[in-house]
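One-letter residues, chain by chain:
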Amino acid sequence: MTILDDIIATKYEEVKMYKPVGPNTIDFPEKTTLLGHLQERNGVISEIKRASPSKGDIKVEVDIVAQAKKYEEAGAAAISVLTDEVYFKGSIDDLCEVAKVVSIPVLCKDFMVSEIQIDRAQHAGATIILLIVAALEKQQLKRLNDYALSKGLEVLIEVHDEQELQIALELDAKLIGINNRNLKTFEVSIERTAQLAKNFPFDEGRVLISESGMQTKEDAQFAYANGASGILVGEALMRSENPGNWIRQATSEEAVK
Ligand SMILES: O=P(O)(O)OC[C@@H](O)[C@@H](O)c1c[nH]c2ccccc12
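Residues numbered from 1 in each chain as written. Predicted model: local features only at pLDDT ≥ 70, side-chain atom pairs only at ≥ 80, totals over all residues. Heavy atoms only, no water.

Where an unreviewed UniProt entry is consulted, the chain appears under the name Indole-3-glycerol phosphate synthase, with the organism given as Planococcus faecalis. Checking UniProt for the chain, the heading Pathway (unreviewed entry) contains the comment "Amino-acid biosynthesis; L-tryptophan biosynthesis; L-tryptophan from chorismate: step 4/5." Of the chain, the UniProt comment under Sequence similarities (unreviewed entry) reads exactly: "Belongs to the TrpC family." (UniProt positions renumbered as here; feature names shortened; annotations may be inferred.)

This is how it looks when you write it as structure tokens:
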């Protein structure tokens, strides 16, 4: 059993307990789209990540609303919120608190296996969901992708190797994330982005997002230089004294050229 198998097994147990979501009662601020932003200019998808199975506690007692506002003020392309409780110490309430205060897109970062999670994400104010190719059967991936798109959500499809990239392309995914971290072994290498970018079809408005393991603005520069339009950054922003500066530096002229 890998950690990913463990997480997915836990998810199937969790979703059995979810009740269907009720009518929308919260008036969320209107959101921009991630695809629109990244088609125009490079950007940082900035993550709220209290803890993770690979790093343990990162910043469990963080003021997530203040953190989200810093991200938005610095020009983040979107905010990703880890909503998994067991392994990442997040919650759907975390996402909702963030979605109430920002006008940039909000990504529900979780391990989706069922439509009901997508409903919950949207109900809590998410405008993007993540689907991880390594965690889903092909049919299930397609079904969840169609479902989310039919609900007006954006979908980020996450891959880690050539074969998974082909599956994402078969779905005609526009937002494709290359996870530099192997979710089965936790090994991280940003070279992964450069490798997979070589055969990446940058056509029809498709964008590549480099995910995980970015520590410095040089890492950001490396990802952009290899074809990424976006980077997804969690730990470095959570540990930073000044996450706004981190984001500004990673989006400056110098970093993106
Ligand atoms: O904290 P990092 O190394 O900057 O990584 C952020 C993000 O890419 C990572 O949290 C992530 C990428 N894909 C995931 C899937 C599930 C949970 C978490 C993730």
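Participant: Describe the UniProt feature "domain: Indole-3-glycerol phosphate synthase" (unreviewed entry) in the chain, with residues and values.
Facilitator: Mapped onto the present numbering, the UniProt feature "domain: Indole-3-glycerol phosphate synthase" (unreviewed entry) falls at residues 20-249. In this annotation, residues 20-249 is assigned 37% helix and 19% strand; the end-to-end C-alpha distance for the span is 42 Å. (Helix = DSSP H or I, 4+ residues; strand = E, 2+ residues; numbered from the N terminus.)

Participant: Any details on the sheet that holds strand β1 (residues 43-48)? Residues and values, ideally.
Facilitator: With parallel pairing, 8 strands are arranged side by side around a closed barrel as β1-β4-β5-β6-β7-β8-β9-β10. Strand-to-strand twist across the sheet, computed as the mean angle between neighbouring axes with direction ignored, equals 25°. As paired elements, strand β9 (residues 207-211) and strand β10 (residues 230-233) share 3 bridges and run parallel to each other. The residue bridging E211 from the neighbouring strand is L232, located in β10. Against the sheet, helix α4 (residues 92-101) engages β4 (78-82) and β5 (106-109), with an angle of about 175° to β5. (Pairing = 2+ DSSP bridges. Axes fitted to C-alpha atoms, helices over the stretch in contact; angles between N-to-C directions. Contact = heavy atoms within 4.5 Å.)

Participant: Just give me the short version of the site of the ligand, but keep the residues and values in it.
Facilitator: For the ligand, the set of nearby residues contains 18 residues, the closest of which are E47, K49, E158, S212 and G234. One of the side-chain nitrogen or oxygen atoms of N179 is found 3.2 Å away from a nitrogen atom of the ligand. At 3.4 Å, a side-chain N or O of E211 approaches a nitrogen atom of the ligand. When the free accessible area of the ligand is taken as 440 Å², the share hidden by the protein chains comes to 98%. Those elements that place two or more of their residues in the shell around the ligand are β6 (128-132) and β10. Among the residues making up the shell around the ligand, the classes are represented as 7 nonpolar, 4 polar and 7 charged. (Near = heavy atom within 4 Å. Polar contact = N/O pair within 3.5 Å; in protein donor to acceptor, adjacent residues only side chain to side chain. Areas by Shrake-Rupley, 256 points an atom, 1.4 Å probe, with all protein chains shown as cover. Nonpolar A, V, L, I, M, F, W, Y, C, P; charged D, E, K, R; others polar.)

Participant: Go over helix α1 (residues 3-17) with me, naming the residues and quoting the values.
Facilitator: The end-to-end C-alpha distance of α1 is 22 Å, a good match for the 21 Å that 15 residues give at a rise of 1.5 Å each. For α1, the full list of buried residues reads L4, I7, I8, K11, E14 and V15. Viewed end-on, α1 has its buried residues packed into an arc of 120°, placing them on one side of the element. Exposed and facing more than 90 degrees away from the buried side of α1 are K16 and M17. Its buried side turned inward, α1 meets α5 (115-123). (Expected span 1.5 Å × (residues − 1). Buried < 20%, exposed > 50% of the residue type's maximum accessible area, 1.4 Å probe, protein only. Arc of directions from axis to C-beta.)

Participant: Tell me about the pattern of salt bridges, and please be specific about residues and values.
Facilitator: Inspection of every chain in the model, using the stated rule, returns 19 salt bridges. K89 is paired through a salt bridge with D57; the nearest N and O atoms lie 2.7 Å apart. Remark: D57 occurs in strand β3 (residues 56-57) and K89 occurs in the loop between β4 and α4; sequence separation between them is 32 residues. On the accessibility criterion, K89 (38% relative accessible area) is partly exposed. (Salt bridge = Lys/Arg side-chain N within 4 Å of Asp/Glu carboxyl O.)

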